Amino acid sequence: TMAASSIAWVALLALFGLLALALAVLLRIARRERRRDERDRLRPWIRGLWLQMLAWPAFALATGAAGAPAAALACGMLLGGYVEQGRALERLFVGRPSPAAVRALGPLLVLALMLLPGLDVDPRLTAALPWAAALAAALWFGLRLHLRNTRRPSEVKRATMVVFAVGAAIAALRLAEIGLTGRAAWTPTALAPIQALALLYVLVAPLLASVGFLLMHQERQRQRLERVAASDPLTATFNRTGFLKHG
């Protein structure tokens, strides 16, 4: 109905506005950050949010004259943003970035989605390709972050890793739906349950993950200040505060 459609558009605009707010907060923090290494940890996440925000106007263009090229670009930007956010988490948890091939997943997806329609392949393959790439990225970063965190992670880290796990599960469900039912196309007026769940995840997950990333950044800053306050700047050994704190 018209009322339901209006509510959906208002919800989408509200989520888009919250995503823009999270991006503005991260940009402000990055500008005020004096340590270069901390700025370098923030930049991949900021790039990821930019890509995800720019993807939605591209999806809007895909419904018009731009068609398939705009849809391919939008899918590539969403995946590229997802990969950049995974790289930002790697800088926090792992310290060593993924190979360059992982970062190239977004551009490769755009190229594949542009070429496949001209090769007269099954439309289900074209529809499944973005979800297969998203599943691969979620599994790569999720397993990499999990295996590299042998110590007990904080609640925020656990929640962030759950975001990757949920993303992998939704991508797998969407692939199964395409393979079993052949439902490749999206119908905005009549979304299947799995399609609606996937759309909700794509909209909400970046916002929730950005909140978690900001909390982890603040936690890291607090820990760094505690280390500075408890150590001598010349010898890097415990000062009086450090000895009192650690017994």
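Keep in mind that what you see is a predicted model, and the values were worked out from it rather than measured.

Thresholds, definitions, all that
- Residues numbered from 1 in each chain as written.
- Predicted model: local features only at pLDDT ≥ 70, side-chain atom pairs only at ≥ 80, totals over all residues.
- Heavy atoms only, no water.
- Buried < 20%, exposed > 50% of the residue type's maximum accessible area, 1.4 Å probe, protein only.
- Helix = DSSP H or I, 4+ residues; strand = E, 2+ residues; numbered from the N terminus.
- Arc of directions from axis to C-beta.
- Core = buried A, V, L, I, M, F, W, Y, C linked by side-chain atoms within 4.5 Å.
- Contact = heavy atoms within 4.5 Å.
- Patch = residues over 30% accessible without salt bridge, like charges linked within 9 Å, V, L, I, M, F, W, Y side chains within 5 Å.
- Areas by Shrake-Rupley, 256 points an atom, 1.4 Å probe, with all protein chains shown as cover.
- Salt bridge = Lys/Arg side-chain N within 4 Å of Asp/Glu carboxyl O.
- Expected span 1.5 Å × (residues − 1).
- Bend = angle between axes of the 7 residues up to and from the residue.

A.B. asks: In this structure, what is going on with helix 5 (residues 105-115)? I would like to understand it.
C.D. replies: Residues lying three or four places apart along an α-helix face the same way, a consequence of the helix completing one turn every 3.6 residues. Regarding helix 5, the residues found buried are Gly 106, Leu 109, Val 110 and Leu 113. Buried residues of helix 5, viewed axially, fall in a sector of 100°; they line one side. Exposed and facing more than 90 degrees away from the buried side of helix 5 are Pro 107, Leu 108 and Leu 115.

A.B. asks: So what exactly am I meant to see when it comes to the nonpolar core here?
C.D. replies: Burial of nonpolar side chains together is a common tendency in soluble globular proteins. In this structure, Leu 26, Trp 45, Leu 89 and Phe 213 are the most contacted members of the largest nonpolar core, which totals 49 residues. Secondary structure elements with two or more residues in this core: helix 1 (2-32), helix 2 (36-62), helix 3 (68-93), helix 5, helix 6 (123-147), helix 7 (155-181) and helix 8 (193-229). At 10 residues, the largest contribution of residues to this core is made by helix 6. For Trp 45, the residues in contact, after removing those within four places along its chain, are Leu 26, Glu 84, Gln 85, Ala 88, Leu 89, Ala 209, Ser 210 and Phe 213. Within the second largest apolar cluster, five residues are counted, among which are Ala 58, Ala 74, Met 77 and Leu 78.

A.B. asks: Looking at this model, I keep getting lost on a nonpolar patch on the surface. Mind explaining?
C.D. replies: A surface patch of nonpolar side chains, amounting to about 400 Å² of accessible area, comprises Leu 108, Leu 111, Met 114 and Leu 115. Within the secondary structure, Leu 108 sits in helix 5.

A.B. asks: Honestly, the side chain of Ser 210 in this entry has me stumped. Any pointers?
C.D. replies: Of note, Ser 210 is situated in helix 8. Look past the residues within four positions of Ser 210 in its chain and what remains in contact with it is Ala 22, Trp 45, Leu 49 and Gln 85.

A.B. asks: Any chance you could explain the pattern of salt bridges here in plain terms?
C.D. replies: Tallying each qualifying case throughout the model produces three salt bridges. Note that Arg 43 is salt-bridged to Asp 40, the shortest N-O span being 2.9 Å. Placement of both Arg 43 and Asp 40 in helix 2 is noted, with a separation of three residues, approximately one turn of the helix. Overall, the relative accessible area of 23% leaves Asp 40 in the partly exposed class. Its salt-bridge partner being Arg 87, residue Glu 84 comes within 3.2 Å of it at the nearest N-O pair. With Glu 84 and Arg 87 both in helix 3 and three residues apart, this pair spans about one turn of that helix. Overall, the relative accessible area of 6% leaves Glu 84 in the buried class. The class of Arg 87 is buried, set by a relative accessible area of 12%. Connected via shared salt-bridge partners are Arg 47, Glu 84 and Arg 87.

A.B. asks: Mind showing me how you'd approach helix 8 here?
C.D. replies: Taking 1.5 Å of rise per residue, the 37 residues of helix 8 would be expected to cover 54 Å, and the 53 Å separating its terminal C-alpha atoms lies within 8% of that figure. Along helix 8, the sharpest kink reaches roughly 35°, centred on Val 204 and followed within four residues by the proline Pro 206.

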